[in-house]
Amino acid sequence: MMRILWFFGYVAGMIVVPVIVIGIAQIFIGPLQWPPPHGHTGRLPTSSEVTAVGLFTGAWVVAQLFVFGRVASWASTVGPGPGAARVSATQLASRLLALNSLRAPWQVGTGRRPDELVVDWRYADATWLDSMRAHGLRRTFRLALRLDERNRVVRAIERHAELDWSAGVTLGAATLRWQTTYGINFHQHQHEGVFGLQIRNGQPTLDLSYAYTFSLKELKNPIIDLVTDAGWQFRPVITFFRPVGG
């Protein structure tokens, strides 16, 4: 919670600092308008002074493009569970892929890179198809994960796709197009509970009586629990480009 408060303090400062700088500049060098307003008397700022303030504002904005994502990622990171023994990336990947043996409405698959996994709702699985339609599911979610073994960090990006059930009524009869969601939902990244999935002795078990609601939280929280129980950090990012995403 404190990290999130620090993040919002940073956002406030990101807006307030340039406003203060421009205000101070206007006090000492005059109105920051060039050419000067009609009828103005007294000393006016030179073109170089106006340019300097403009360059500062532009540099500040560019800097925030690189800082904002990293601060947001830091604020939403979930650390390893207390006393959790660290495992290798191979072991963690195996534990995540082992979730497919459970009767859960999501599945874990390999991504385009050796260090990448993706977690999807089973929108094309007959077992869950009717339940998803009954819940009025119109959007499905994907969690893209990249495992950084050197730092013991799992970086995660949220993607979503609109479901078109009108494509048909048989198994897998839904069309979709994936899009990346560039944002971090802080309240969904907290270590709040197990949501039907429990980790016992490092292995996942599923409470079959649990009624899923097919929300992004239901998809993410079991993954967060498994990652942190393995001694790794779960770090949401807005991009996998490290200078911006962290």
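That block above? That's the structure.
Residues numbered from 1 in each chain as written. Predicted model: local features only at pLDDT ≥ 70, side-chain atom pairs only at ≥ 80, totals over all residues. Heavy atoms only, no water.

### A short note on the overall build of the protein
Item 1. Within the protein, the regular secondary structure consists of six helices and eight strands.
Item 2. Ordered by position from N to C terminus, the α and β elements of the protein give α-α-α-β-β-α-β-β-β-β-β-α-β-α.
Item 3. The burial tally for the protein puts 41% of its 246 residues in the buried class.
Item 4. For the protein, the proportion of contacts with a sequence separation of at least 24, taken over those separated by at least 6, is 64%.
Item 5. Carbon and sulfur atoms provide 60% of the accessible area of the protein, an area that totals close to 13,200 Å². (Helix = DSSP H or I, 4+ residues; strand = E, 2+ residues; numbered from the N terminus. Buried < 20%, exposed > 50% of the residue type's maximum accessible area, 1.4 Å probe, protein only. Contact = heavy atoms within 4.5 Å. Areas by Shrake-Rupley, 256 points an atom, 1.4 Å probe, with all protein chains shown as cover.)

### Quick notes on the nonpolar core
Among soluble globular proteins, nonpolar side chains are generally buried collectively.
Item 1. Membership of the largest hydrophobic core comes to 35 residues, with the highest contact counts inside it found for Leu92, Leu96, Leu145, Leu147, Ile223, Trp232 and Phe234.
Item 2. Of all the elements in the fold, those that place two or more residues in this core are helix H3 (89-97), strand E1 (106-110), strand E2 (116-121), helix H4 (126-134), strand E3 (139-148), strand E4 (153-162) and helix H5 (216-229).
Item 3. Top contributing element to this core by residue count: H5, with six residues.
Item 4. Among the nonpolar cores identified, the runner-up in size contains seven residues, and Tyr10, Met14, Val71 and Ala72 belong to it. (Core = buried A, V, L, I, M, F, W, Y, C linked by side-chain atoms within 4.5 Å.)

### A look at a nonpolar patch on the surface
Item 1. On the surface, a cluster of nonpolar side chains totalling about 740 Å² of accessible area is made up of Ile15, Val16, Val19, Ile20, Ile24, Ile27 and Phe28.
Item 2. As for its position among the elements, Phe28 is in helix H1 (residues 2-29). (Patch = residues over 30% accessible without salt bridge, like charges linked within 9 Å, V, L, I, M, F, W, Y side chains within 5 Å. Salt bridge = Lys/Arg side-chain N within 4 Å of Asp/Glu carboxyl O.)

### A few points about H3
Since the α-helix packs 3.6 residues into each turn, any two residues three or four apart lie on the same face.
Item 1. Of all the positions in H3, only Ala89, Leu92, Ala93, Arg95 and Leu96 are classed as buried. Projected down its long axis, H3 carries its buried residues within an arc of 160°, all on one side. (Arc of directions from axis to C-beta.)

### A few points about the packing of H1 against helix H2 (residues 47-76)
Item 1. Packing of H1 against H2 leaves a shortest axis separation of 10 Å and a crossing angle of 175°. Relative to H2, the element H1 lies roughly antiparallel. (Axes fitted to C-alpha atoms, helices over the stretch in contact; angles between N-to-C directions. Parallel < 35°, antiparallel > 145°, perpendicular 65-115°, else oblique.)

### Comments concerning the pairing of E4
Item 1. Burial analysis of E4 places eight of its ten residues in the buried class, which makes it a mostly covered element.
Item 2. The pairing of E3 with E4 spans ten bridges and is classified as antiparallel. In the strand pairing of E4, Asp148 is matched with Val153.
Item 3. Between E3 and the antiparallel strand that follows it, E4, lie four residues; Arg152 among them carries a positive phi value of about 55°. (Pairing = 2+ DSSP bridges.)

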